[in-house]
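A structural walkthrough
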Amino acid sequence: SLMQAVAKEYEYILENSDQGVYVYLDDTNKICNKNFAQLLGYDSADEWAKIEESFPDVFVAPESQETLISSFLDTMEKCVTSTNKIVWKEKDGTTVDTTVILAPISFDGHLLALHFVSM
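Residues numbered from 1 in each chain as written. Predicted model: local features only at pLDDT ≥ 70, side-chain atom pairs only at ≥ 80, totals over all residues. Heavy atoms only, no water.

The strand order across the open sheet formed by 5 strands is β2-β1-β5-β4-β3, and the pairing between neighbours is antiparallel. Edge positions in the sheet fall to β2 (29–32) and β3 (82–89), since each has one partner strand and no second. Taking each pair of neighbouring strands and ignoring which way they run, the sheet shows an average axis angle of 30°. Bridge count between strand β4 (residues 95–107) and strand β5 (residues 110–118): 9 bridges; the pairing is antiparallel. (Pairing = 2+ DSSP bridges. Helix = DSSP H or I, 4+ residues; strand = E, 2+ residues; numbered from the N terminus. Axes fitted to C-alpha atoms, helices over the stretch in contact; angles between N-to-C directions.)

Structurally, Lys-30 is set in strand β2. For Lys-30, the side chain forms a polar contact with the main-chain oxygen of Asp-27, separated by 2.7 Å. Discounting chain neighbours no more than four positions away, the residues touching Lys-30 are Met-3, Val-23, Tyr-24, Trp-48, Ala-49, Ile-51, Glu-52, Phe-55 and Phe-59. (Polar contact = N/O pair within 3.5 Å; in protein donor to acceptor, adjacent residues only side chain to side chain. Contact = heavy atoms within 4.5 Å.)

Another aspect to go through is the nonpolar core. Membership of the largest hydrophobic core comes to 25 residues, with the highest contact counts inside it found for Tyr-22, Phe-36, Leu-40, Trp-48, Phe-55, Phe-59 and Trp-88. Secondary-structure elements contributing two or more residues to this core are β1 (20–26), α3 (34–39), α4 (45–49), α5 (55–59), α6 (62–78), β3, β4 and β5. Residues contacting Leu-40, with those up to four places away along its chain left out, are Trp-48, Phe-59, Trp-88, Lys-89, Glu-90, Lys-91 and Val-96. One finds Leu-2, Tyr-10, Ile-31 and Phe-116 within the second-largest nonpolar core, a separate group that totals 13 residues. (Core = buried A, V, L, I, M, F, W, Y, C linked by side-chain atoms within 4.5 Å. Buried < 20%, exposed > 50% of the residue type's maximum accessible area, 1.4 Å probe, protein only.)

To continue, consider the packing of aromatic side chains. A full pass over the atoms with the stated rule returns 13 aromatic pairs. In this structure an aromatic cluster arises from ring pairing among Tyr-22, Tyr-24, Phe-36, Tyr-42, Trp-48, Phe-55, Phe-59, Phe-72 and Trp-88. Sitting over the ring of Trp-48, Lys-30 keeps its end group 5.4 Å from the ring centre. (Phe/Tyr/Trp six-rings, centres within 6.5 Å; stacked < 30°, edge-to-face > 60°. Lys NZ or Arg CZ within 6 Å of the ring centre and 35° of its normal.)

Turning next to α6. With 17 residues, α6 ought to run about 24 Å at 1.5 Å a step, and its terminal C-alpha atoms sit 25 Å apart, in line with that. Buried within α6 are the following residues: Ser-64, Gln-65, Leu-68, Ser-71, Phe-72, Thr-75 and Met-76. Summarising the axial view, the buried residues of α6 lie within an arc of 150°, below the 170-degree limit, and thus occupy one face. Away from its buried face by more than 90 degrees, α6 exposes Glu-63, Glu-66, Glu-77 and Lys-78. Elements that come into contact with the buried residues of α6 comprise β1, α5, β3, β4 and β5. (Expected span 1.5 Å × (residues − 1). Arc of directions from axis to C-beta.)

Across all of its chains, the model carries 2 salt bridges by this definition. The salt bridge partner of Lys-91 is Glu-47, with a shortest N-O separation of 2.5 Å. With a gap of 44 residues between them, Lys-91 in the loop between β3 and β4 and Glu-47 in helix α4 connect regions that are remote in the sequence. Residue Glu-47 is classed as partly exposed on the basis of its relative accessible area, which comes to 24%. When the shortest N-O distance is used, the salt bridge between Asp-74 and Lys-78 registers 3.4 Å. In this pair, Asp-74 and Lys-78 both sit in helix α6, 4 residues apart, roughly one turn of the helix. Residue Asp-74 is classed as partly exposed on the basis of its relative accessible area of 30%. A relative accessible area of 53% means that Lys-78 is categorised as exposed. (Salt bridge = Lys/Arg side-chain N within 4 Å of Asp/Glu carboxyl O.)

Remember that the coordinates give geometry; whether it matters functionally is a separate question.
Shown next, in the form of structure tokens:
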């Protein structure tokens, strides 16, 4: 699959970054590293990736949804990076404040957003 190929291509970053990292194409096509999964209270990156409901509704606190969505669209449409304060919803319903850097990447003809998340 596309995301398996992306995971292989970016394996070094996903495995070695001290930050939470995820790559997002759409609600069903996304991958993350263990740091990001654990930040949100998931046992593994696979558990997190299997959730296919609306990404903002499931993972992003209401006050941060507009910011993350507009930053993602800018990344996709203008191929620009951005840094934003984002509040995430954890699996147990609590929230965690982070800083998220978004960067555009292309892979096999697809434009994706690479996100680095730090507390």
